[in-house]
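Listed below are the residues making up each chain.
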Amino acid sequence: RMMDPELIVDAVERWRAETSPGAWAGRHLLVSTGPTRAYLDPVRFVSNASTGAMGVAIAQAALDLGAAVTLVAGPLQVPGPRGARLRRVDVETAGEMLAAMRERLGAEPVDAVAMVAAVADFAPAEAAGAKLDKDATLAGFSEMAWTREPDILATLCAERSAAGKDAPFFLGFAAQTVDAESATEREAALVAYAREKLARKGADAIFVNRVGVAGTGFGSPTNTGWWVDGEEVVGSGPTRPKAELGRWLVERIGAALGGQRGRAAS
C-alpha cells in the first residue's frame, strides 16, 4: 500500500532541505496572510475577500529557496504551503494576528517580514456573547458602536524602529481600486498610494496591486503590481500566476537584504 502522499512530500522536503540548502538558507521569513474576522456575535463576523493565496505563494517560494518560514494565517481559502522548515500559526482576529506576530518576532531571529494579510479595519466595540436575533441586529446596525482594529504593520514597524539596526526588513502590501482609464494613469495612482502608505506605515517597501478587476487581487489565481521603496519603483511585469509572483517578491526581498547573512544562522 502506498504511503500517504503528504508524508512522501514531507520526506522529500526534508531531504531537499538537507542536501540543497538554496539561496535563502539560514534566513527566516515571517509572513502574515489571509483575512481577519471581526465578530458581531459567536456566529456572524465582518471580514473581506482575501483568500490568503498571495501570502501562501510567498511563503512557499521562500521555503523552496531554503528559508525557514513562519506563516501567521487568518482563515485561508487555499491550501497552505508545505515544507520541513515551515511553522504555521492560525489566527482569526486582528488582535490575535498582532499578538502572534509579536510573539514570533520576539521568540527567534527574523530577517524579513512580509505583511500580506488583509486585516479588518473595524470591529464592534463589544461583540455579543450570544447569537443576535436577526431582526434586532438589522434594526440596531445604525446604532452599533465600532472601534478601529490594530494597525499591525504600523505597530510592528514602530516597534522595529525602537529595536535598532538588527531589526528585520518589512514589506507591506496595498490593495487598491483605481478608476483611471489609461494604464499610465492607473499606475501613477497606485504608486502614489503606495508611497503615501510607505511613509505612513514606516515599512521598507510596499507592493501595491489593483483590486476590483478580473485577473488581479483577491480571489484571483494571478496578480501583478509594483514594488515601491524609498529609492525606486519596479513593476512585476505582466499578470502572472501568484506562485511566480511570490518567487519574484522573495527575490526582491533577498536583493534588499543583499549579502547579509541570515540572523537565524548567526
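Residues numbered from 1 in each chain as written. Predicted model: local features only at pLDDT ≥ 70, side-chain atom pairs only at ≥ 80, totals over all residues. Heavy atoms only, no water.

Undergrad: Sorry if this is basic, but what is going on with the nonpolar core here?
TA: Buried together is how nonpolar side chains tend to be arranged in soluble globular proteins. Residues Val31, Ile58, Trp227 and Leu249 are the most contacted members of the largest nonpolar core, which totals 33 residues. When contributions to this core are tallied by element, the ones reaching two or more residues are strand S1 (28–33), helix H2 (53–64), strand S4 (68–73), strand S6 (112–115), strand S9 (169–176), strand S10 (205–210) and helix H7 (242–257). Per-element accounting of this core gives the leading share, eight residues, to H2. Once residues lying within four places of it in the same chain are set aside, the contact partners of Val31 are Gly55, Ile58, Ala59, Val69, Thr70, Leu71, Val72, Ala114 and Val116. Listed in part, the 27 residues of the second largest apolar core include Ile152, Leu156, Ala174 and Val191. (Core = buried A, V, L, I, M, F, W, Y, C linked by side-chain atoms within 4.5 Å. Buried < 20%, exposed > 50% of the residue type's maximum accessible area, 1.4 Å probe, protein only. Helix = DSSP H or I, 4+ residues; strand = E, 2+ residues; numbered from the N terminus. Contact = heavy atoms within 4.5 Å.)

Undergrad: How should helix H5 (residues 152–163) be read in this particular structure?
TA: Helical geometry: 3.6 residues make up each α-helical turn, so side chains three or four residues apart lie on a common side. Taking 1.5 Å as the rise per residue, H5 with twelve residues should run 16 Å; its terminal C-alpha atoms sit 16 Å apart, in good agreement. Along H5, the positions that sit buried rather than exposed are Ile152, Leu153, Leu156, Cys157 and Arg160. Here the buried residues of H5 occupy an arc of 120 degrees about the axis, which is enough to place them on one side. Turned more than 90 degrees from where H5 packs its buried face, Ser161 and Ala162 sit exposed. Those residues of H5 that are buried are in contact with helix H3 (94–107), S6, S9, helix H6 (183–201) and S10. Within two residues after H5, Gly164 carries a phi angle of roughly 105 degrees, on the positive side. (Expected span 1.5 Å × (residues − 1). Arc of directions from axis to C-beta.)

Undergrad: Could you clarify how one ought to interpret H2 in this entry?
TA: For H2, spanning twelve residues, the distance from its first C-alpha to its last is 16 Å, which sits close to the expected 16 Å at 1.5 Å a residue. The buried fraction of H2 amounts to ten of the twelve residues, a majority that puts the element mostly inside the structure. Among the residues of H2, those classed as buried are Ala53, Met54, Gly55, Val56, Ala57, Ile58, Ala59, Ala61, Ala62 and Leu63. One or two positions beyond H2, positive phi appears at Gly66, with a value near 100 degrees.

Undergrad: Explain the side chain of Ser32 here, please?
TA: Among the secondary structure elements, Ser32 is positioned in strand S1. Once you skip the residues sitting within four places of it in the chain, Ser32 turns out to touch Val72, Met97, Met101, Ala114, Met115, Val116 and Ala117.

Undergrad: What am I meant to see in the packing of aromatic side chains here?
TA: Within a pair of aromatic rings, the relevant descriptors are the distance that separates the centres and the angle that separates the planes. Throughout the structure, instances matching the rule amount to four aromatic pairs. Considering the side-chain rings of Phe173 and Phe207, the 5.7 Å spacing of their centres and the 55 degrees angle between planes classify their relative orientation as tilted. Highlighted residues: Phe173 in strand S9 and Phe207 in strand S10, separated in sequence by 34 residues. Summarising the burial analysis for this pair, Phe173 and Phe207 share the class buried. (Phe/Tyr/Trp six-rings, centres within 6.5 Å; stacked < 30°, edge-to-face > 60°.)

Undergrad: Would you explain the pattern of salt bridges in this entry?
TA: Two side chains carrying opposite charge are able to pair once their charged atoms lie near each other. Inspection of the entire model under this criterion finds twelve salt bridges. Where Arg104 meets Glu103, a salt bridge forms, and the shortest distance between an N and an O atom there is 2.9 Å. Looking at Arg104, the relative accessible area reads 9%, which means it is buried. By relative accessible area, which is 42% here, Glu103 ends up partly exposed. The partner of Arg104 in a salt bridge is Glu108, with the nearest N and O atoms 2.6 Å apart. With relative accessibility at 23%, the residue Glu108 sits in the partly exposed group. Through salt bridges with shared partners, a single ionic network connects Arg87, Glu103, Arg104 and Glu108. (Salt bridge = Lys/Arg side-chain N within 4 Å of Asp/Glu carboxyl O.)

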